[in-house]
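Architecture at a glance
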Amino acid sequence: MTTEMQEIAITEDKPLLTGQADAKDAELAARILLDQGQEHSIETPHGVVHVTLHGTGATRRPAILTVHDVGQESKSCFSTLFKFEEMQEIVKNFTLIHVDTPGQEEGAAAYPAGYQYPSMETIAEMIPAVLQFFNVRTVIGVGVGAGAYILSKFTLANPDSVEGLVLVNIDIQARGWKDSAASCLTGTLFAFSPDMLHRFA
């Protein structure tokens with residue numbers, strides 16, 4: 001009885017240990033997806049709201065929820081902050097949900113004749129539908145100006161949904177959108193800058 005041994009070549013379809021080039025390619029692909037985000041139009045009891053999601057949403061950590069100021073949208077208000085080098089560790093580990101108030105997103109159509117813009121309190125009441133849409137239980141809110149006021153109203157109505165708040169330039173007088181817009185236009189529109197990051201650290 002003779003047994004012949006044959007040499008069999010086994011090729012790996014997918015290497016078990018990836019090289020640095022593969023890791024860099026994967027990181028670059030993830031960065032492109034993160035930068036672009038996934039845009040959604042979410043139906044709420046008070047109308048449709050535009051939201052951009054960065055990340056998977058499949059994490060046990062709270063999501064970071066942002067609401068911008070009057071005359072801006074989420075990209076113009078928050079992109080500098082979240083693209084800043086020192087924020088990359090946070091961006092990699094948290095889901096970001098950027099809420100654009102009705103009609104403020106990029107490329108938004110003009111309001112129809114007779115349109116009644118929702119109050120800041122009404123916009124705050126839209127946020128639970130956004131969290132439900134993404135199946136998010138808790139958030140860390142980041143708001144600027146009118147967005148800070150909206151998040152404070154949301155927090156008062158839904159304290160169990162908020163783990164923390166970063167409110168910048170909040171108007172405790174609770175002026176309407178028209179007054180806030182006039183204030184912004186006579187001053188300067190607020191946007192996060194890299195220099196501000198050090199104030200939060």
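What comes next concerns the included structure. Being a predicted model, the structure only gives us computed values, none of them experimental. (Residues numbered from 1 in each chain as written. Predicted model: local features only at pLDDT ≥ 70, side-chain atom pairs only at ≥ 80, totals over all residues. Heavy atoms only, no water.)

A surface patch of nonpolar side chains, amounting to about 200 Å² of accessible area, comprises L165, L167 and I170. Within the secondary structure, L167 is located in strand β6 (residues 162-168). (Patch = residues over 30% accessible without salt bridge, like charges linked within 9 Å, V, L, I, M, F, W, Y side chains within 5 Å. Areas by Shrake-Rupley, 256 points an atom, 1.4 Å probe, with all protein chains shown as cover. Salt bridge = Lys/Arg side-chain N within 4 Å of Asp/Glu carboxyl O. Helix = DSSP H or I, 4+ residues; strand = E, 2+ residues; numbered from the N terminus.)

With that settled, consider the nonpolar core. Within the largest apolar cluster, 26 residues are counted, with the highest numbers of intra-cluster contacts made by V51, I97, I127, F134 and V139. When residues of this core are traced back to their parent elements, those giving at least two are β2 (47-54), β3 (63-67), β4 (96-100), α4 (120-124), α5 (127-133) and α6 (146-157). Take this core: its biggest share by element is five residues, from α6. In contact with I127, not counting residues within four places along its chain, are L65, V67, I150, L151 and F154. Residues F78, L81, L96 and V142 belong to the second largest nonpolar core, which totals 12 residues. (Core = buried A, V, L, I, M, F, W, Y, C linked by side-chain atoms within 4.5 Å. Buried < 20%, exposed > 50% of the residue type's maximum accessible area, 1.4 Å probe, protein only. Contact = heavy atoms within 4.5 Å.)

So, on to the pattern of salt bridges. Side chains carrying opposite charge are able to pair once their charged atoms draw close together. What the rule picks out here adds up to three salt bridges. A salt bridge links K75 to E39, with the shortest nitrogen-to-oxygen separation between them at 3.9 Å. Of this pair, K75 sits in helix α2 (residues 74-83) while E39 is found in strand β1 (residues 38-44), placing the two residues 36 residues apart along the sequence. Judged by its relative accessible area of 47%, E39 falls in the partly exposed class. Between K92 and E89 there is a salt bridge, and its shortest N-O distance comes to 3.5 Å. Placement of both K92 and E89 in helix α3 (residues 88-93) is noted, with a separation of three residues, approximately one turn of the helix. For K92, a relative accessible area of 52% translates into the label exposed. The network of salt bridges with common partners includes E39, K75 and E106.

The subject of this paragraph is the pairing of β3. Across the five residues of β3, five count as buried, placing the element largely inside the fold. Taking every second residue as pointing to the same face, both faces of β3 are buried, with A63, L65 and V67 on one and I64 and T66 on the other. Bridge count between β3 and strand β5 (residues 139-144): five bridges; the pairing is parallel. In the strand pairing of β5, T66 is matched with V142. Summarising the sheet, β3 and β4 pair through four bridges and their orientation is parallel. Looking at the pairing, I64 lines up with L96 of β4. (Pairing = 2+ DSSP bridges.)

In this section: the environment of S41. Structurally, the position occupied by S41 is in strand β1. The exposed category is assigned to S41, whose relative accessible area is 57%. Remark: the alpha-carbon pair of S41 and T52, spanning 11 residues in sequence, is separated by 8.8 Å. Not counting chain neighbours up to four residues away, the residues in contact with S41 comprise V48 and V49.

Once that is clear, we can look at α2. Taken together, the buried positions of α2 are occupied by S74, C77, F78, L81 and F82. Seen end-on, α2 carries its buried residues on one side only, within an arc spanning 95°. With a side-chain oxygen positioned 2.9 Å from the backbone nitrogen of K75, the residue opening α2 is E73. (Arc of directions from axis to C-beta. Polar contact = N/O pair within 3.5 Å; in protein donor to acceptor, adjacent residues only side chain to side chain.)

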